[in-house]
Amino acid sequence: MIELDNLTKVFDTPKGAVVAADHISMKVPNGEICILLGPSGCGKTTTLKMINRIVKPTSGKVFINGEDTTGMNTQDLRRNIGYVIQQIGLFPNMTIEENITLVPQLLGWDKARYRERARELMAMISMEPNAFLKRFPSELSGGQQQRIGVARALAADPPVMLMDEPFGAIDPINRAVIQDEFLKMQQELKKTIMFVSHDIDEAIKMGDRVAIFREGKLVQHSSPDDLLAAPKNAFVESFLGEDRALKRLNLVKVQEVVSDKIATVKPGDTLETALARIEDYGYQNAILMVNDQRQPVGLITRTKARTTKGYCRDHFENVPATVTLKDNLRKVASLMFSQDATWLPCVDDQGRVCGQITQRAMTHHLGSRFRAREAAPRNPDSAIKE
Ligand SMILES: Nc1ncnc2c1ncn2[C@@H]1O[C@H](COP(=O)(O)OP(=O)(O)OP(=O)(O)O)[C@@H](O)[C@H]1O
Ligand SMILES: [Mg+2]
């Protein structure tokens, strides 16, 4: 656990005192990622640097796993904390391999072990070891250097990681890949991480909790879902953006919204049967046709069933799309919009139909948190004074 207790930094500058961090108190439980988010200059980097004492706190304390770090030897402290700095900061006169294995070497790992570790980490950051390990940082792109910065911080497997905009210089496609890889790794390694980001979508995706900073102060510290559903004040609300309800789509999985009630027909059923089931069912304009394994194989429209005689197997259309229980609602909404669909069938791991998801169920689910908030009296103190 990382615990900050009234951590404060005041820089003395020729123009007077700058309060970069103002009585920051927060906890990051073991195995969680906490994202520090806020506008430029709000004190995110300063807060991070006080944890590994690159910046000396003016007052306040940092505890790691319950131990006050104030009296600890700075070198010991830093060796146990992986650090990805905002400006990447690879050593230019060392190869990529030397950069990555610096801390393991300082810790006395044998050569075979640290070289193997470097290859393992390169795989994690999707870079070919043979192509890159012997190069120098200047021979890499900015985004590639940034990935090496992440690998270097992970090298000695520290339990605590501080990451300052670690993926900021990487293009959106590679960034998403690396974020996913990082989250997969985190599920196994369960490191305790403070992670600075500018990017709200990244914060929501990567964070177990998100801490919003403004002018050196911690304004709100919540789970991404609570943050989006209940921003504490007007500043947080405007920082999250007007589409914050849509951002919540990323956080909700189909399994939370799926209905297991779904009418189906078999290829051997008549269109009359199909029409009767559509009518029974009420509001949908089509019914799903499944095979003997309950896998979706077609769609019978209400119009076809009403105007034609015969068997379903001779009159079906293609299923526009299916979704799985693990998909998030953002993907579902995107499919619905592109297919002009108000519902989609949901399939399990074997591709068998296990329910359906409707636009109505999605809007209801998303709206319920917001409505709960509207119903609660709003704390007048929470409106920020500009
Ligand atoms: N060494 C320093 N001396 C004086 N002022 C400093 C120093 N370092 C940071 N500051 C000031 O402290 C404030 C917070 O800076 P910090 O680097 O923590 O911001 P940040 O939130 O990380 O911003 P960014 O998103 O741009 O990286 C800023 O006003 C900055 O100018
Ligand atoms: Mg910064």
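Residues numbered from 1 in each chain as written. Chains lettered and ligands numbered in written order. Predicted model: local features only at pLDDT ≥ 70, side-chain atom pairs only at ≥ 80, totals over all residues. Heavy atoms only, no water.

## As for the pairing of strand β9 (residues 209–214)
Counting buried positions over the six residues of β9 gives five, a clear majority of the element. In terms of strand pairing, strand β3 (residues 33–37) meets β9 through four bridges, oriented parallel. Bridging across to β9, Ile35 finds its partner in Val210. Counting the residues between successive antiparallel strands, the hairpin from β9 to strand β10 (residues 217–222) contains two residues, one of them, Glu215, with a positive phi of roughly 45 degrees. (Buried < 20%, exposed > 50% of the residue type's maximum accessible area, 1.4 Å probe, protein only. Helix = DSSP H or I, 4+ residues; strand = E, 2+ residues; numbered from the N terminus. Pairing = 2+ DSSP bridges.)

## Structural notes on the coordination of the magnesium ion (ligand 2)
Around the magnesium ion (ligand 2), the donor atoms from the protein are Thr45 (OG1) and Gln86 (OE1), and they sit 2.0 to 2.4 Å away. Taken as a pair, Thr45 in helix α1 (residues 44–51) and Gln86 in the loop between β6 (81–84) and α3 (96–100) lie far apart in primary sequence, 41 residues in all. (Donors = N, O, S within 2.8 Å, 3.2 Å for Na, K, Ca; no water.)

## What about the side chain of Asp164?
Mapped onto the elements, Asp164 comes out in strand β7 (residues 160–164). Here Asp164 is buried and forms no salt bridge, its nearest opposite-charge partner Lys49 lying at an N-O distance of 6.3 Å. A distance of 2.7 Å separates polar atoms of two side chains, one belonging to Asp164 and the other to Thr45. Ignoring any residue separated from it by four or fewer positions in sequence, one finds Asp164 in contact with Thr45, Leu48, Val84, Ile85, Gln86 and Val196. (Lys, Arg positive; Asp, Glu negative; His and termini not counted. Salt bridge = Lys/Arg side-chain N within 4 Å of Asp/Glu carboxyl O. Polar contact = N/O pair within 3.5 Å; in protein donor to acceptor, adjacent residues only side chain to side chain. Contact = heavy atoms within 4.5 Å.)

## Things to note about unusual backbone geometry
Despite not being glycine, His23 shows a phi value in the positive range, around 50 degrees. What makes His23 partly exposed here is its relative accessible area of 48%. Phi angles above zero are rare outside glycine, and Asn65 is one such case at about 50 degrees. Secondary-structure assignment places Asn65 in the loop between β4 (59–64) and β5 (67–68).

## As for the pattern of salt bridges
Oppositely charged side chains can form a pair if their charged atoms are brought close together. Applying the stated rule across the entire model yields 16 salt bridges. In this structure, the salt-bridge partner of Asp225 is Arg248, at a minimum N-O distance of 2.7 Å. Taken as a pair, Asp225 in helix α10 (residues 224–229) and Arg248 in the loop between α12 (244–247) and α13 (254–257) lie far apart in primary sequence, 23 residues in all. Asp225 sits in the partly exposed class, given a relative accessible area of 24%. Taking relative accessible area as the criterion, Arg248 reaches 1% and is therefore assigned buried. Here Arg352 and Asp348 are joined by a salt bridge, their closest N and O atoms 3.1 Å apart.

## Topic: the site of ligand 1
Neighbouring ligand 1 are 14 residues; Ser40, Gly41, Lys44, Thr45 and Thr46 lie closest to it. Within the contact set of ligand 1, an oxygen atom lies 3.2 Å away from a backbone nitrogen or oxygen of Cys42. Within the contact set of ligand 1, an oxygen atom lies 2.7 Å away from a side-chain nitrogen or oxygen of Thr45. Protein chains bury 63% of the 640 Å² of accessible surface belonging to ligand 1 in isolation. For the shell around ligand 1, the secondary-structure elements that each account for two or more residues are β1 (2–13), β2 (16–28) and α1. The element contributing the most residues to the shell around ligand 1 is α1, with three residues. (Near = heavy atom within 4 Å. Areas by Shrake-Rupley, 256 points an atom, 1.4 Å probe, with all protein chains shown as cover.)

## Let's talk about the domain arrangement of the protein
Domain annotation for the protein reports domain 1 (2–252) and domain 2 (255–365). The interface is formed by four residues belonging to domain 1 together with nine residues belonging to domain 2. Taken together, the two surfaces of domain 1 and domain 2 that pack against each other cover about 570 Å², and 57% of this comes from carbon and sulfur. Summed over the shared surface of domain 1 and domain 2, the number is zero salt bridges. In this assembly, domain 1 and domain 2 are joined by three residue pairs in polar contact (both at pLDDT 80 or more). By residue class, the composition of the side of domain 1 that touches domain 2 is three nonpolar, one polar and no charged. (Domains from an automatic or database assignment. Buried area = accessible area lost by both parts, 1.4 Å probe. Nonpolar A, V, L, I, M, F, W, Y, C, P; charged D, E, K, R; others polar.)

## Structural notes on the nonpolar core
Core analysis: the largest hydrophobic core is formed by 45 residues, its most contacted members being Ile100, Met122, Ile148 and Phe182. Here the element with the most residues in this core is helix α7 (residues 142–154); it accounts for five residues. The contact partners of Ile148, leaving out residues within four places of it in the chain, are Leu90, Ile96, Ile100, Met122, Ile125, Met127 and Leu140. With 25 residues, the next largest nonpolar core counts Ile2, Leu4, Ile81 and Ala211 among its residues. (Core = buried A, V, L, I, M, F, W, Y, C linked by side-chain atoms within 4.5 Å.)

## Comments concerning the packing of helix α5 (residues 111–124) against α7
Two elements in contact, α5 and α7, have axes separated by 10 Å at closest approach and are oriented at 135 degrees. In terms of orientation, α5 and α7 fall into the oblique class. The crossing of α5 and α7 is right-handed. Residues Arg117, Leu121, Met122 and Met124 of α5 form the contact with α7, whose participating residues are Ile148, Ala151 and Leu154. Among the residues making up the contact of α5 with α7, the classes are represented as six nonpolar, no polar and one charged. (Axes fitted to C-alpha atoms, helices over the stretch in contact; angles between N-to-C directions. Parallel < 35°, antiparallel > 145°, perpendicular 65-115°, else oblique. Left-handed = near helix turned anticlockwise from the far one by under 90°.)

## Examining the sheet that holds strand β12 (residues 286–290)
Taken in spatial order, the three strands line up as β11-β12-β13 in an open sheet, and their pairing is mixed. Sheet topology places β11 (264–265) and β13 (296–301) at the edges, where each strand pairs with a single neighbour. As paired strands, β12 and β13 are joined by five bridges and run antiparallel to one another. Its bridge partner lying in β13, Met289 is registered against Gly298.

## So, the environment of Lys261
Note that Lys261 resides in the loop between α13 and β11. On the accessibility criterion, Lys261 (58% relative accessible area) is exposed.

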